[in-house]
Amino acid sequence: MSPQNYKFEGWLAHDTSAVEGKMTWGEFEPKRWEESDIDIKITHCGMCGSDVHTLRSGWYPAPYPIIVGHEIVGEVVRVGSKAAGSHKIGDRVGVGCLTDCCMGIAGVPICEACESGEEQFCPKARWTYPGPHHNGDKGYGGYATYHRCPGRFVFKIPDGLESKQAATMMCAGITMYSPLKRFGCGPGKLVGIVGLGGLGHYGVLLAKAMGADKVVAISRKASKRDEALKLGAGDYLATDDDVGWYKKYYNKLDLIVSTVASSKAPIKGYLAMLKRHGTLVQVGNPDDGQFALPQSTLIMKSLNFAGSSIGSAAEIREMLQLAADKKIKAWVEERPMHEANQAVLDLEEGKPRYRYCLMNQVAPKL
Ligand code: NAP
Ligand code: ZN
């Protein structure tokens, strides 16, 4: 297909009311074409809690008009002559949160983070939305028909992995895979996952697939208990409904990854469950204030309170292959692209079980 034959259209957010279901469908101007770029015809786009934070300007004032969505899967329709990644027209590919880094700027020496294979921490890292790209143009996300981005962080989807599964791994999956791997999830380990939402449900699936002895799902209400056990959790704690919920695992867990998107979360209880030298990795990024850390609990057990940001290109490839090999099945609910406004409202209400994926068309047959 020639570049002139398709239109970039998507769900534009014009101000903070977008999060109340007021995005409007319309045409947009993608970044100016560079020979390092590729164009993707979007088939799937997962919906992340970060989309909601951004739509309502929760973290910082969003540069409206914007289009959110960083769990993109689709078909390559145009490839620049200098695009990194050997992509071909017709390839089935995915794009996550990271769209560029120092390696995308000619003449700039490669930074220490990229040299170590942790491009997500590059000082010149660029995000899929709202960007800006290195040329200054805005980055538009995947609640749209087409996506244009540099080829470097575009990933081929392994055969055998469904597109809606792969899409939702591009952010939710990798944000859990990276800290689980880095902080030693595997045989012999007891792992807690806090918050059973899009990220958290991937945390349970991946920690099991990585061989943890037991995964304890920690949620607010008792209502997700049966689903957590079906996902593979060995136990379930409801922090609002179970009195003394942290006592059963007091000093027992090696690692906790918390996806909670609220600064009011009961951090002291989570830390009480960690063993000496244990680690709590916070990946949820609330926009309602900062955590109050109980320093005496950290001190008396020599605990680590860590953070983690998405994952590297190498980790994304590894995770996609692990998902294909181990046949990991995330719980993905399909929503037609035209229902995006309602889906944002439903996501805000915590309705997904457990990740929504916007669909432009019927998924291609594998
Ligand atoms: P989600 O599907 O909405 O899940 C968030 C979960 O947090 C909810 O299911 C809920 O779990 C818990 N939660 C929500 N409000 C809460 C409250 N007021 N008090 C206590 N718990 C609450 O969202 P998501 O897509 O998984 O994203 C989760 C967070 O991770 C967001 O802040 C997002 O921006 C952030 N994120 C970070 C990275 C990174 O690289 N670090 C990447 C992607 C997303 P229960 O109902 O089970 O209690
Ligand atoms: Zn995300």
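Keep in mind that what you see is a predicted model, and the values were worked out from it rather than measured. (Residues numbered from 1 in each chain as written. Chains lettered and ligands numbered in written order. Predicted model: local features only at pLDDT ≥ 70, side-chain atom pairs only at ≥ 80, totals over all residues. Heavy atoms only, no water.)

## Regarding the overall build of the chain
Link 1 in the chain: A count of helical and extended segments in the chain gives nine helices and 17 strands.
Link 2 in the chain: Radius of gyration (C-alpha) of the chain: 20 Å, near the 21 Å computed for a compact globule of 366 residues.
Link 3 in the chain: Per-residue burial for the chain yields a buried fraction of 57% across its 366 residues.
Link 4 in the chain: Total accessible area computed for the chain in this model is approximately 15300 Å², and 51% of it derives from carbon and sulfur atoms.
Link 5 in the chain: Averaging the coordinates of the 44 positive side-chain charges in the chain and doing the same for the 40 negative ones gives two points 5 Å apart. (Helix = DSSP H or I, 4+ residues; strand = E, 2+ residues; numbered from the N terminus. Rg over C-alpha atoms; globule rule 2.2 N^0.38 Å. Buried < 20%, exposed > 50% of the residue type's maximum accessible area, 1.4 Å probe, protein only. Areas by Shrake-Rupley, 256 points an atom, 1.4 Å probe, with all protein chains shown as cover. Lys, Arg positive; Asp, Glu negative; His and termini not counted. Charge placed at Lys NZ, Arg CZ, Asp CG, Glu CD.)

## Overview of helix 4 (residues 198–209)
Link 1 in the chain: For helix 4, spanning twelve residues, the distance from its first C-alpha to its last is 17 Å, which sits close to the expected 16 Å at 1.5 Å a residue.
Link 2 in the chain: Counting buried positions over the twelve residues of helix 4 gives eleven, a clear majority of the element.
Link 3 in the chain: Among all positions of helix 4, only Gly198, Leu199, Gly200, His201, Tyr202, Gly203, Val204, Leu205, Leu206, Ala207 and Ala209 are buried.
Link 4 in the chain: Check the buried side of helix 4 and you find it contacts helix 3 (163–182), strand 10 (190–194), strand 11 (214–219), helix 5 (225–231), helix 8 (313–326) and strand 17 (355–359).
Link 5 in the chain: In the segment just after helix 4, Gly211 is the residue with positive phi, at about 95°. (Expected span 1.5 Å × (residues − 1). Contact = heavy atoms within 4.5 Å.)

## Some details on the nonpolar core
Link 1 in the chain: Counting residues in each nonpolar core, the largest one holds 64 residues, and the members touching the most others are Met176, Leu180, Leu206 and Leu320.
Link 2 in the chain: Looking at which domains feed residues into this core, each of domain 1 (3–156 + 331–359) and domain 2 (172–307) supplies at least three.
Link 3 in the chain: Every residue in contact with Leu180, bar those within four places of it in the chain, is listed here: Cys185, Val191, Ile193, Gly203, Leu206, Ala207, Met210, Leu255 and Val257.
Link 4 in the chain: With 40 residues, the next largest nonpolar core counts Tyr140, Tyr143, Tyr146 and Ala343 among its residues. (Core = buried A, V, L, I, M, F, W, Y, C linked by side-chain atoms within 4.5 Å. Domains from an automatic or database assignment.)

## So, the pairing of strand 14 (residues 274–282)
Link 1 in the chain: Bridging between strand 13 (residues 253–258) and strand 14 involves five bridges; their strand directions are parallel. From the neighbouring strand, Leu255 faces strand 14, where its bridge partner is Thr279.
Link 2 in the chain: Read as a crossover between parallel neighbours, the route from strand 13 over helix 6 (residues 267–272) to strand 14 is right-handed.
Link 3 in the chain: When strand 14 meets strand 15 (residues 304–307), the two strands line up parallel, connected through four bridges. Following the sheet pairing, Leu280 is matched in strand 15 by Phe305. (Pairing = 2+ DSSP bridges. Right-handed = clockwise from strand over helix to strand, strands pointing away.)

## With respect to the coordination of the zinc ion (ligand 2)
Link 1 in the chain: The coordination sphere of the zinc ion (ligand 2) contains the protein donors Cys48 (SG), His70 (NE2) and Cys171 (SG), at a distance range of 2.0 to 2.2 Å.
Link 2 in the chain: Sequence spacing of the donors to the zinc ion (ligand 2): C-x21-H-x100-C. With His70 in the loop between helix 1 (49–55) and strand 4 (72–79) and Cys171 in helix 3, this residue pair connects regions lying 101 residues apart in the sequence. Across the pair, Cys171 and His70 agree in class, each one buried. (Donors = N, O, S within 2.8 Å, 3.2 Å for Na, K, Ca; no water.)

## Describing the sheet that holds strand 10
Link 1 in the chain: Read across the open sheet, the six strands follow the order 12-11-10-13-14-15; overall the sheet is parallel. The open sheet terminates on both sides in strands that have one partner only, identified here as strand 12 (235–238) and strand 15. Neighbour-to-neighbour, the strand axes of this sheet turn through a mean angle of 20°, independent of strand direction.
Link 2 in the chain: Pairing analysis gives four bridges linking strand 10 to strand 13, with the strands arranged parallel. Across the sheet, the residue bridging to Ile193 is Val257, located in strand 13. (Axes fitted to C-alpha atoms, helices over the stretch in contact; angles between N-to-C directions.)

## Observations regarding the site of ligand 1
Link 1 in the chain: The local shell around ligand 1 holds 26 residues, among which His53, Leu196, Ser219, Ile310 and Arg355 are the closest.
Link 2 in the chain: Interatomic distance of 2.8 Å between a side-chain N/O atom of His53 and an oxygen atom of ligand 1.
Link 3 in the chain: Interatomic distance of 2.9 Å between a backbone N/O atom of Leu199 and an oxygen atom of ligand 1.
Link 4 in the chain: About the coverage of ligand 1: the protein hides 83% of its 920 Å² of free accessible area.
Link 5 in the chain: At the level of secondary structure, the elements contributing two or more residues to the shell around ligand 1 comprise helix 1, helix 3 and helix 4.
Link 6 in the chain: The greatest single-element share of the shell around ligand 1, amounting to three residues, is contributed by helix 1.
Link 7 in the chain: Per-class residue counts for the shell around ligand 1 are nine nonpolar, 14 polar and three charged.
Link 8 in the chain: Viewed by domain, the shell around ligand 1 spans two of them, domain 1 (3–156 + 331–359) and domain 2 (172–307), each represented by three or more residues. (Near = heavy atom within 4 Å. Polar contact = N/O pair within 3.5 Å; in protein donor to acceptor, adjacent residues only side chain to side chain. Nonpolar A, V, L, I, M, F, W, Y, C, P; charged D, E, K, R; others polar.)

## Thoughts on helix 9 (residues 340–348)
Link 1 in the chain: When we look at burial in helix 9, the residues that qualify are Ala340, Asn341, Ala343, Val344, Asp346 and Leu347.
Link 2 in the chain: Among the structural elements, strand 1 (9–12), helix 1, strand 16 (332–336) and strand 17 are those in contact with the buried residues of helix 9.
Link 3 in the chain: Positive phi appears at Gly350, one or two residues downstream of helix 9, with a value of about 75°.

## What about the pattern of salt bridges?
Link 1 in the chain: Tallied over the full model, the rule gives 22 salt bridges.
Link 2 in the chain: Where Lys22 meets Glu20, a salt bridge forms, and the shortest distance between an N and an O atom there is 3.7 Å.
Link 3 in the chain: Measuring nitrogen to oxygen at the nearest pair gives 2.8 Å for the salt bridge that ties Glu348 to Arg56. In this pair, Glu348 sits in helix 9 while Arg56 sits in the loop between helix 1 and strand 4, placing the two residues 292 residues apart along the sequence.
Link 4 in the chain: Because the salt bridges share partners, they merge into one network encompassing Arg335, Glu339, Asp346, Glu349 and Lys351. (Salt bridge = Lys/Arg side-chain N within 4 Å of Asp/Glu carboxyl O.)

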